[in-house]
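Examination of the molecular architecture
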Amino acid sequence: MLCIGIVLKFNFFANKRGFPIFAAEKRINRRERSRSLLLLTMVQDTQIQEVETIVNGLLEGDVFLVNIRIKPTNNFKVFLDADSGLSIEKCIKINRALYKIMEEKGMYPDGDFSLEVSSPGIDEPLKLLRQYKKNIGRNVEVILNDGTKKEGKLLEVSETAITLEQLEGKGKKAVTVNTLLEFDNIKQTKVMISF
């Protein structure tokens, strides 16, 4: 019985080939994984910068780039917005042009990538000053760095802060208050949809 316990323990700590894994090997594997993740992040950052340069060259009128994300499966998600609203036709036009340029540049020789161009969507927080300005007059939810939530109408946007119009109190005692929130204290802001 004692031998079985030792064999089971040995197998439990064995790698895929059946060789025992010692603590030193585990540390090396963790370091290698960390290096691999760092290398992957650096490669992705370079690819994102290259795609960002291409996208900025394709933008016309009041359309602007909000964000680019890439998944390890080479799936690029390009988020655009426009001061006057972003149409599906504009997204399709930019998607086709960007895809063609990425293919011509040979960024992925086997064509092993996918591309999505869209607006950020309602569930995405506002990232750029231009997005804040575009949403003046709409109701927003602001989460501050300390976790406090503020809801109200976005009245003004400056380079350093936003002003919210909030209702405090209930019924006849409700009062309209304007609250100044500095960007340094804001963790995220989302537009609230009212039905």
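Residues numbered from 1 in each chain as written. Predicted model: local features only at pLDDT ≥ 70, side-chain atom pairs only at ≥ 80, totals over all residues. Heavy atoms only, no water.

**Considering the overall build of the protein**
A count of helical and extended segments in the protein gives four helices and eight strands. Counted from the first residue to the last, the protein has its helices and strands arranged as α-α-β-β-α-β-α-β-β-β-β-β. Burial analysis of the protein (195 residues in total) assigns 29% to the buried set. Counting contacts in the protein only where the partners sit at least 6 residues apart, residues at least 24 apart contribute 48% of the total. (Helix = DSSP H or I, 4+ residues; strand = E, 2+ residues; numbered from the N terminus. Buried < 20%, exposed > 50% of the residue type's maximum accessible area, 1.4 Å probe, protein only. Contact = heavy atoms within 4.5 Å.)

**Observations concerning empty space enclosed by the protein**
To find leftover empty space, a probe the size of one water molecule is rolled over the atoms. All told, the structure shown has one cavity of 30 Å³ or more when counted by the stated rule. As a volume, the largest cavity reaches approximately 40 Å³. Along the walls of the largest cavity sit Val 66, Asn 67, Arg 69, Phe 79, Pro 120, Glu 124, Pro 125 and Lys 127, which together make up its complete lining. Its residues assigned to classes, the lining of the largest cavity comprises four nonpolar, one polar and three charged. (1 Å grid on protein atoms, 1.4 Å probe; cavity = no way out; pocket = protein on both sides within 12 Å on 5 of 7 lines; lining within 4 Å. Points joined across faces, edges and corners; volume = space filled by probe spheres on them. Nonpolar A, V, L, I, M, F, W, Y, C, P; charged D, E, K, R; others polar.)

**Points about the layout of surface pockets**
In this structure, the largest pocket spans a volume of roughly 230 Å³. Partitioning the lining of the largest pocket into residue classes produces six nonpolar, five polar and four charged. Around the second largest pocket, the lining residues are Leu 58, Glu 60, Gly 61, Asp 62, Val 63, Lys 90, Lys 93, Ile 94 and Ala 97. Here the lining of the second largest pocket gets four residues from one element, more than from any other, and that element is helix α3 (residues 88-105). Grouping the constituent residues of the lining of the second largest pocket by class yields four nonpolar, one polar and four charged.

**Looking at the confidence of the model for the protein**
Of all residues in the protein, 77% attain a pLDDT of 70 or more, and the chain-wide mean is 81. For the stretch residues 1-17, pLDDT sits under 50, and the model shows 10 contacts to residues farther than four places along the chain or on other chains. In this model, residues 19-27 is a region of pLDDT below 50 whose contacts with residues beyond four sequence positions or in other chains number 11 contacts. (pLDDT = per-residue confidence, 0-100.)

**What to know about the pairing of strand β5 (residues 149-157)**
Bridge analysis of strand β4 (residues 139-144) against β5 gives five bridges, and the strand direction is antiparallel. Within β5, the residue paired with Val 142 across the bridge is Lys 150. Hairpin connection between β4 and β5: a loop of four residues separates the two successive antiparallel strands, and Gly 147 in this loop has a positive phi of roughly 95°. Two elements, β5 and strand β6 (residues 161-168), share four bridges in a ladder whose sense is antiparallel. Looking across to β6, one finds that Glu 156 is bridged to Thr 163. Between the end of β5 and the start of β6, which pair antiparallel, lie three residues. (Pairing = 2+ DSSP bridges.)

**Digging into the packing of aromatic side chains**
Per the stated rule, a full pass over the model turns up four aromatic pairs. Their ring planes at 75° and their centres at 5.0 Å tell us that Tyr 132 and Phe 183 sit as a pair that is edge-to-face. Here Tyr 132, found in helix α4 (residues 129-134), pairs with Phe 183, found in the loop between β7 (175-182) and β8 (186-191); they are 51 residues apart in sequence, far enough to count as distant. Overall, Tyr 132 belongs to the buried group, its relative accessible area being 5%. Ring-pair connections join several aromatic residues into one group, and the members of that group are Phe 76, Tyr 99, Tyr 108 and Phe 113. (Phe/Tyr/Trp six-rings, centres within 6.5 Å; stacked < 30°, edge-to-face > 60°.)

**Describing the side chain of Asn 74**
Tracing the backbone through its elements, the reader meets Asn 74 in the loop between β1 (63-70) and β2 (75-82). Owing to a relative accessible area of 16%, Asn 74 belongs among the buried residues under this scheme. Residues in contact with Asn 74, not counting those within four places in the same chain, are Tyr 108, Asp 112, Phe 113 and Ser 114.

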